[in-house]
Amino acid sequence: MSSAAEQKAVAQQRAVETGHPDTASPDAALPAPVLNGAPRAALPAVPVWPGTPMPLGARFRTGPDGVSGTNFALWAGGAEAVELCLFGEVGDGDEGGGEVETRVALTELTHEIWHGFVPGVMPGQRYGYRVHGRWDPWTGARWNPAKLLLDPYARAVDGDFELPAEVYGHVRDWPQQQVADTVRDDRDSAPYVPKGVVVHDDAPDDEWADDRRPKTPWADSVIYELHVKGFTKLHPGIPEELRGTYAGLAHPAAIEHLTKLGVTAVELLPVHQFAHEDHLLRRGMKNYWGYNSIGYFAPHAGYAATGTAGQQVGEFKRMVRALHAAGIEVILDVVYNHTAEADEHGPTLSLRGIDNRGYYRLQGDPRRYSDYTGCGNTLHVVQPNVLRLITDSLRYWVTEMGVDGFRFDLAAALARSMHDVDMLSPFLAVIAQDPVLRRVKLIAEPWDVGSGGYQVGAFPPLWTEWNDRYRNAVRDFWRGALPDVRDLGYRLSGSSDLYAWGGRRPYASVNFVTAHDGFTLRDMVSYERKHNEANGEGNRDGTDDNRAWNCGTEGETDDEHVQALRRRQLRNLLTTLLLSTGVPMLVAGDELGRTQGGNNNAYCQDNEISWVDWGLLEDPGWRALTELTARLIELRHRHPVLRRRAFFSGRAHSADGLRDLAWFTARGTEMTERDWYAPAATVGMYLSGRDIPGRDARGAPITDDSFLLILHAGEHPTTFELPGAPWAQRYEAVVDTSREEQGAAPGVGYRAGEEIGVAGRAVLLLRVVG
């Protein structure tokens, strides 16, 4: 007998001995529903008409004969029956108050979609599903009608997920843990899970007549990654009742900071409805970042100020409109690679109970899940119904919620066909031809945790990518750890080695030095080792590859020399990022010195560790850093040579030999092959404004100033001989990061051929003036 067969036989015998249903049997009769511990009285029958199989989800409408109600449609391939469960509140009478559940059988079945129209069900109605079918985990079948399931297409969610034993489809405390996931748990989960909410799609509040999408070209974009709650929770200019919410982000005080900085788009950490992991709840913590999605159409209810009975939808839309009115696009960080149901030991919240085999990638042993995400499961995007769920969700957020683009978490997992990452995969093919989605901003996190998952530079045209090679090269240069400057040269000039193929452009590279995961910018110059003890995991979580330099002292210090050096390093990193070719991405709070105390994995820190501390702006030094950031972004917006739409050629386009890009040593000579392969602390990058490819909106050639960018990562001051003809005759200083106040050096001019001083660890930007 095989090992799996032995385990199955043992589990079945134990089930018989203890009275639990047989693990391979059809559905056992459910116990009578209860209300506050007592059997529920019989409820009057609810009429249900056939309705329509499309669109999926709960859609309020006026049906036949002018009767208003809601059409419910659920794809549940392989299911034997589906019950719609409607929930209402009971008063404080003899039953003691609480929640009453009315079950309605959906008997119409069209192409594996169970559907029905229920007259009289109005917006605000709370609902869920119970899906019947075989319980046979050895074949991947995990139907369990005792578990109330969230509609994958629910447009609003009310309530929080709790994770007691009743929420799991299997008996968690089964004596033989190796087969615990195969023994069905028949306890009702309804009291412990949130419900979907019927939403009025055509409410007057949700009209978009006055909305104008900014439609910022990729080359002109500056992205600002922020957390809805973390950005607004401590902001003194936002009313307290709005802090931490969509309405708080829409408040003029929040938008004012964004417009003063000059960013063109906010990239919101996940705002799809998400659940908290069991191991966090047991420690009294929560998932702060939100990379644990369970509702792909619903704005996360925890960020709503106006209510969770559907009001969160209108509040989110008003936030988008307010940002659009300020010229700011809204990009969502989306997690379609896995769900909050985790592996075979996880809870049954939605997709697992609807059709486990239809939604998830399973291993050769169908009890187990393929995990390319590190989160226990992976959605099976090759399946048509899964692909439809994802693309329907994406189109919904664009057409009805008004967003302007998406950043796809672990996008390589979505691009896998059967096993390997495939750039001709169904997901990428569907996106490429979709008339809605191909027009919005698409950003890939181009890796996952599986074999062959690292795919930086491999995504097709239309896609931009988080470029971690940019992050690594810039961090290593400024901490003195680059073996040579070849990689730095590619990263500063748009990463043509990665993206100059298939018609891709420099803006295919989203350049970043920090992101939500890892050190903040301030922590990157204050810590070399992670300090994640507050996470409760023995400091084992989070990466050890920080590529950080603490300037000689680990952690905060009163040493004024170290403090000054750290602030200079922050100016260097921000200046390098915002003057590089590609699309820069900042992280909220980095511009004003936000710290997480060395925590490089604050995913579970929903507190002051993660929230932006606006009190930092009272410090003149941090205020100056914010002003420098705004000045650099304004400089970028003003000069097209800093945001090129085409790669540099490095070739001369005129008789005088002037090229669009040239590299210089500190001696003022052009870099040779030998120079590129040698360690170097000083690099000069010349950007010609004369030869910018393309034309403006009226067909005129694009011309601009030319610049010389000098980066010096050495500890001690150095000299740099300024290149002469044909590059320039005179230069004027624009930015000098050795200066505390805004990094400015106004009015300082230099002659070509002059040997100028460059402070230790500094960036100098010079404009050609003759």
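I will try to describe carefully the structure that is included in this document. (Residues numbered from 1 in each chain as written. Predicted model: local features only at pLDDT ≥ 70, side-chain atom pairs only at ≥ 80, totals over all residues. Heavy atoms only, no water.)

**Points about the overall build of the protein chain**
Right, on to step 1. For the protein chain, the count of helices and strands is 17 helices and 33 strands.
Right, on to step 2. Whereas a compact globule of 770 residues would reach a radius of gyration of roughly 27 Å, the protein chain reaches 29 Å, a difference of no more than 12%.
Right, on to step 3. For the protein chain, the spread of C-alpha atoms along the three principal axes comes to 90 × 60 × 50 Å.
Right, on to step 4. Across the 770 residues in the protein chain, those meeting the buried criterion constitute 59%.
Right, on to step 5. Residue pairs in contact within the protein chain that sit at least 24 positions apart in sequence constitute 72% of those at least 6 positions apart.
Right, on to step 6. With an accessible surface of roughly 28,600 Å², the protein chain has 50% of that area assigned to carbon and sulfur atoms.
Right, on to step 7. Here the protein chain contributes 78 positive and 104 negative side-chain charges, whose respective centroids are spaced 5 Å apart. (Helix = DSSP H or I, 4+ residues; strand = E, 2+ residues; numbered from the N terminus. Rg over C-alpha atoms; globule rule 2.2 N^0.38 Å. Buried < 20%, exposed > 50% of the residue type's maximum accessible area, 1.4 Å probe, protein only. Contact = heavy atoms within 4.5 Å. Areas by Shrake-Rupley, 256 points an atom, 1.4 Å probe, with all protein chains shown as cover. Lys, Arg positive; Asp, Glu negative; His and termini not counted. Charge placed at Lys NZ, Arg CZ, Asp CG, Glu CD.)

**What to know about the packing of helix α15 (residues 560-579) against helix α16 (residues 620-638)**
Right, on to step 1. Taken N-terminus to C-terminus, the directions of α15 and α16 make an angle of 15 degrees; their axes are 10 Å apart at the nearest point. Classified by the angle between their axes, α15 and α16 sit roughly parallel to one another. Crossing geometry of α15 relative to α16 is assigned as right-handed. The segment α15 lies against α16, with R567, L570, R571, L574, T575, L578 and L579 engaging G621, W622, L625, L628, T629, L632, I633, L635 and R636. (Axes fitted to C-alpha atoms, helices over the stretch in contact; angles between N-to-C directions. Parallel < 35°, antiparallel > 145°, perpendicular 65-115°, else oblique. Left-handed = near helix turned anticlockwise from the far one by under 90°.)

**A closer look at empty space enclosed by the protein**
Right, on to step 1. Taken as a whole and judged by the stated rule, the model has eight cavities of 30 Å³ or more.
Right, on to step 2. In this structure, the largest cavity spans a volume of roughly 160 Å³.
Right, on to step 3. Considering the residues around the largest cavity, the lining is formed by 15 residues, among which H227, Y288, V587, R594 and S610 are closest to the centre.
Right, on to step 4. Every element with two or more residues in the lining of the largest cavity is listed here: β14 (223-226) and α2 (228-232).
Right, on to step 5. Here the second largest cavity defines a volume of roughly 70 Å³.
Right, on to step 6. Looking at the second largest cavity, the residues that line it are R475, W478, R479, M524, V525, R547, A548, W549, Q569 and L573.
Right, on to step 7. Mapped onto the lining of the second largest cavity, the elements with two or more residues apiece are α11 (468-478) and α15. (1 Å grid on protein atoms, 1.4 Å probe; cavity = no way out; pocket = protein on both sides within 12 Å on 5 of 7 lines; lining within 4 Å. Points joined across faces, edges and corners; volume = space filled by probe spheres on them.)

The values are spatial; any link to function lies outside them.
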